[in-house]
Amino acid sequence: VWSVFPFRDVVRMLWRRRRIIASVAAAILLLAITYLVLAPVRYTSTASMIIDTKRAQFVLADTLAEGQVDQAAVSSQVETIRSEKVAQKVVRSLQLDADPEFVGVTTSAASTLLGRLGLAADYAPSAEALFRRAVASFDGGLKVSRVGSSYVVDISYTSLDRNKAAKIANETAEAYINDQLDAKLEGTQRASSWLQQRIGELRQQSSDAYQAVQNFKLENNLIIDPSSGKLSTDRELDELTSSLGRARADVSQAQARLDRIAAVLQSNSGIATGVTDQAVADQLNNPIIVRLRQQYLDTQKTEADYATRYGKNHQSTVSMRVEMAGIERAISEEVKRIAETYKSDLEIAKTREQSIADRTNALFQNSGKDRQLQVKLRELETGATTYKTIYESFLNRYTQAVQQQSFPSTEARVITRAYSGVKTAPRTTVTLLFGALAGLGLGIAAALAREVLDRVIRTRAQVERTLGVACLAVIPRVSPGAGGAGQLASLARRLTNSFPAAMRPGLDESSQSGPPGGLSLLDERSPFSATAEALRSLKVTVDLDSVGGETRVVGVTSSLPGEGKTTIARNLARVTAQAGRRTLVIDGDLRHSTLSRQLGLADRPTLIDLLSGEMPLADVIVRDHEAGVDVIAAPLTARPVQTADILSSRAMGNLLASVRNSYDYVIVDLPPILPVVDVRASAHLIDSFLVVAQWGRTTIDDLERALASSATVRDRLLGIVVNQADLAALRHLDDYGYRGSQYYVKG
C-alpha cells in the first residue's frame, strides 16, 4: 500500500528540485521543436497483396510440385519482398538512382542542419555507388507487414513526395510478382534441361539392362514359361510334385482295400454273414457278390421257415443249409479273387509312386544350377524393370515441365493498389507530447539522481534516520538585511559597553563582519522568532539532561569549521542567562578564537593565562552585565601549538570542577572535530555535547566520520543542531510546523 508519508516526501522532493525538472523538460521540448522545424515532411502510401493459397496449380508433380503456402511461407514471402533483389528491380524500373531524394544528400534532420550550416560533403560518386546508395535509401523507406494472421501483406513506402510514395509501393508489388514468375520460370527451365539429360541416361541404362537379361538367358539356355514366367524345369518339377502326391494317395487307398479284404478272409467262417456287413459291402461292391449275398439271404430265410414248420432235421431244412454252405463257398472264392485284384492294384500304385519319386529327385538334383541362374536372372530383370520405371517417370515429368513453361503462375496478387500518400512524419502532436513526457521523465530522473547523490543535511528526519541520533533544533537563516550582521555588531557593542571602562577594547574588523553565512543572533526585538524558539529548545534539552540540577559542562562543536558552532554557543548562553541561570562561556577553540575575536577581547587575559597559573580566575572572566553571561577568552595573537594537551590537561579539569560550584551552565566553544584532535583529547572532561551542522553544506558523511572518530563524543551526545536552514525550502522537506514562522518573526 502506498503510504501517504513517502508520497508526501516524493512530492516535496519534486517541488524542491522543480528547477532541475523544468530545465530538463524545457531542453527536451526544445529539441523536439527543433526536430519539427528541421525534419522534412514525409508521406506514406500502402499497397495490399494476398498470398493466394487456393489458386489453380499448374505445377510439376513430386519434386517439382509447389506445396500449399502456410504461415511460415507467408512470413518468408514478406522477407522476400524486402530483399535486395526486389529493391534493385524497383530502382532500375523507376530509375531511382537518378532521383536526388535517393542519391542526393540525405534528408534527415541532422543532415538538413549540416546543409544549412554549409558543412555537407561535396563529391561526385560513381554510377555503381549511386545505385547502391539508391538501393539503401529505398530499403530505408520500405515497410512490409503482415495483416494479423491472414495471407494479406501490406507494402508501405514513405517518401518526400506523396505521389512518388504510391508509385514506389505499387512498383514494389509488381517487382515482387515478376521476381516470383522469373524464379519459377528459371527453376522450370533448369529442371527441364536436367530432366532431358537425365532421360537420355536412363533410356540407355534401361536398354542395357534388358539386353543383359536376354544375353543371360541365351548363354545359360534358360527357357521361361511365358504364361507363368517360370523356368521349364520349375514347371515340370511342380507337375511331378503334384503327381507324386496323387500316386501316394492311390497307394494308401489300395492298401486300405487290401487290408479290409484280408480281414474278411481271415474269419474262415460266416463269410456270407460278414459280407453282409454294410462296411464290407461298400468295399466289395461287386455284382457277383451282391447277387450271391441276396441268394444267401433268401435261402437263409427259407431254411428258417422250414425249421419252424418241419424241424431242424427235416430233409428240406438240411438241404437249405447245404445250399447256404455252397453259396458261402462261392462268395469266399469271389472275395479271394477280388483280393488278388486289390493286391495287383497295390503293386501297380507303388510302382507308379516310385517312378514319379525317382523322376522328381533326379529333376530336383539337376535343377540346383538352374535355380542359381534363375536368382541371377531375377536380379537382372529387377534392375531392368527399375530402370524402365524411372525412365517412364522422368519422361512424364519432362513432358509436364515443358508444359509448365507455357503456364507460369504465382501465388501472389495485388488486391489494393497504392494511392496518393498521407503525411506520416513528422507527427507534430506525438512529437511534442513525447518530448514533454520524455523531458518530464528525464527531469524527474535527474532530480532523483540529484537527490540520491545529495548527502548534505536538509531535514530533521534525514539526521535521525541516517545517524540514529536526535536532531534537537533547526536554526533558520536570516538575511543580513533582517538583522544578521547588524544584530551581531549591535550585540557586540552592547557586550563591550557593559564591561568596565578598563576592560573595553575596541571591536576589530572581524567583529564587524558578523558570523559566516549571515546567521542571526538572539535579539530582544524578536523574542518569539523561530530562532529564539529553537535556542529555547536547546536549553530545555540541556536541562532535561541534567540530573538533580547539577551543573552541566556542555561542549558545542561541529564536524568542520564555519558551520556556526560559535554563534550557537553564544546564543545558547544568552538564553540560559535570560532564564536566570548563571552561565559561563569558555572559548575553547585555541587555534581559531572566533568567539573572542567577535567580542573584541584581544587584550584580555585568556584561558592560557588561567591554566598556566599566571592569572587568577576572577581576573580572566569578563562579565556581560546586560546579557548576564561570563566569558573566558582565548588568545588571538600567540596561538599555542599543543592545544589538545592544554584542553585535556589536569588544569583544565580542575578549572571545570571549580566553576561547577559557581555556575549553573558551563558552555565550552570547542574546535571542529575532524580537522584537529582537540575535541577527542578533551572529550572526557565534557559532560555532554552539541554538534552543529550547517544546513545545505554539512554532509551525512562528515557527521558520520566526526561521531565515529570519538566514542566519548557519541556516547555523550545530546543531539545535532541544524544551523542556517532555509525555511522556505524546509516547508517542502519535512514536517517542522514552520508555516507560521513569519508570524513569530513579526511578533
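Structural notes, computed from the coordinates. Each chain carries its own residue numbering, running from 1 in the direction its sequence is written. Given that the model is predicted, a residue must reach a pLDDT of at least 70 before its local features are reported, and side-chain atom pairs must reach 80 or more before they are shown or counted; all residues, however, enter totals for whole chains, interfaces and linings. Note that the side-chain values use all heavy atoms of the structure and ignore hydrogens as well as water.

## Here we look at the overall build of the protein chain
Stage number 1. Within the protein chain, the secondary structure is distributed over 30 helices and 13 strands.
Stage number 2. Looking at the protein chain as a whole, 42% of its 747 residues qualify as buried.
Stage number 3. In what follows, residue pairs with any heavy atoms lying within 4.5 Å of each other are defined as contacts. Contacts in the protein chain between residues at least 24 apart in sequence constitute 82% of all its contacts with a sequence separation of at least 6. Only DSSP runs of H or I reaching four residues or more are called helices, and only runs of E reaching two or more are called strands; each is numbered from the N terminus. Throughout this description, buried means an accessible area under 20% of the type-specific maximum (1.4 Å probe, protein chains only), exposed means over 50%, and partly exposed covers the range between.

## Focus on the side chain of Ser206
Stage number 1. In this fold, Ser206 is placed in helix α8 (residues 162-220).
Stage number 2. Looking at Ser206, the relative accessible area reads 10%, which means it is buried.
Stage number 3. In contact with Ser206, other than residues within four places in its own chain, are Ala384, Tyr387 and Lys388.

## Remarks on the sheet that holds strand β12 (residues 688-694)
Stage number 1. Pairing between strands requires that DSSP locate at least two bridges from one strand to the other. On the basis of which strands lie adjacent, the open sheet formed by 8 strands has the order β6-β13-β12-β7-β11-β8-β10-β9 and mixed pairing. Across the chains shown, the open sheet's two edge strands, defined by having one partner strand only, are β6 (471-476) and β9 (622-624). Geometrically, the sheet is characterised by an average inter-axis angle of 25° between neighbouring strands, direction not taken into account.
Stage number 2. As paired strands, strand β7 (residues 552-558) and strand β11 (residues 665-669) are joined by 5 bridges and run parallel to one another. Bridge assignment links Gly555 to a residue of β11, and that residue is Val668.
Stage number 3. Together, β6, β7, β8 (583-587), β10 (629-632), β11, β12 and β13 (717-725) form the strand contacts of helix α20 (residues 565-578), whose direction differs from that of β11 by roughly 170°. Helix axes are fitted to C-alpha atoms over the stretch in contact, other axes to C-alpha atoms as well, and angles between N-to-C directions run from 0 to 180 degrees.

## As for the pattern of salt bridges
Stage number 1. Salt bridges are identified by distance alone: a Lys or Arg side-chain nitrogen within 4 Å of an Asp or Glu carboxyl oxygen. According to the stated counting rule, one finds 21 salt bridges in the structure shown.
Stage number 2. Lys85 serves as the salt-bridge partner of Asp179, at 3.6 Å between the closest nitrogen and oxygen. Taken as a pair, Asp179 in helix α8 and Lys85 in helix α4 (residues 84-94) lie far apart in primary sequence, 94 residues in all.
Stage number 3. Residue Lys85 is classed as partly exposed on the basis of its relative accessible area, which comes to 49%.
Stage number 4. Lys565 is the salt-bridge partner of Asp589, the closest N and O atoms lying 3.3 Å from each other. Pair noted here: Asp589 is in the loop between β8 and α21 (594-598) and Lys565 is in helix α20, with a separation of 24 residues, a long-range link. The pair Asp589 / Lys565 is uniform in exposure class, with both members buried.
Stage number 5. Because the salt bridges share partners, they merge into one network encompassing Asp99, Glu101 and Lys164.

## Brief notes about the nonpolar core
Stage number 1. Counting 47 residues, the largest nonpolar core has Leu607 and Val666 as the members making the most contacts within it.
Stage number 2. Aside from chain neighbours lying at most four places away, what touches Leu607 is Ile586, Asp587, Leu590, Ile632, Ala633, Leu647, Met652 and Leu655.
Stage number 3. For the purposes of this section, nonpolar cores are sets of buried Ala, Val, Leu, Ile, Met, Phe, Trp, Tyr and Cys residues that join through side-chain atoms within 4.5 Å. Of all hydrophobic cores here, the second largest spans 32 residues; its members include Ile51, Ala134, Val135 and Val153.

## Details of the packing of aromatic side chains
Stage number 1. A pair of aromatic rings is counted whenever rings of Phe, Tyr or Trp (Trp by its six-membered ring) have centres within 6.5 Å, and the orientation is called stacked for planes under 30 degrees apart, edge-to-face for over 60 and tilted otherwise. Tallying each qualifying case throughout the model produces 4 aromatic pairs.
Stage number 2. Taking 6.3 Å as the distance between ring centres and 25° as the angle between the ring planes, the aromatic pair formed by Phe102 and Tyr157 counts as stacked. Within this pair, whereas Phe102 is found in helix α5 (residues 100-103), its partner Tyr157 is found in strand β3 (residues 152-159), the two being separated by 55 residues in sequence. Per residue, the accessibility class of Phe102 equals that of Tyr157, and both read buried.
Stage number 3. Members of the aromatic cluster, connected to one another through ring pairs, are Phe102, Phe138 and Tyr157.
Stage number 4. Cation placement over rings: the criterion is NZ of Lys or CZ of Arg within 6 Å of the ring centroid and within 35° of the ring normal. We note Arg18 situated over the ring of Trp15; from NZ or CZ to the ring centre the distance is 4.1 Å.

Any functional reading would require information beyond the geometric quantities listed.
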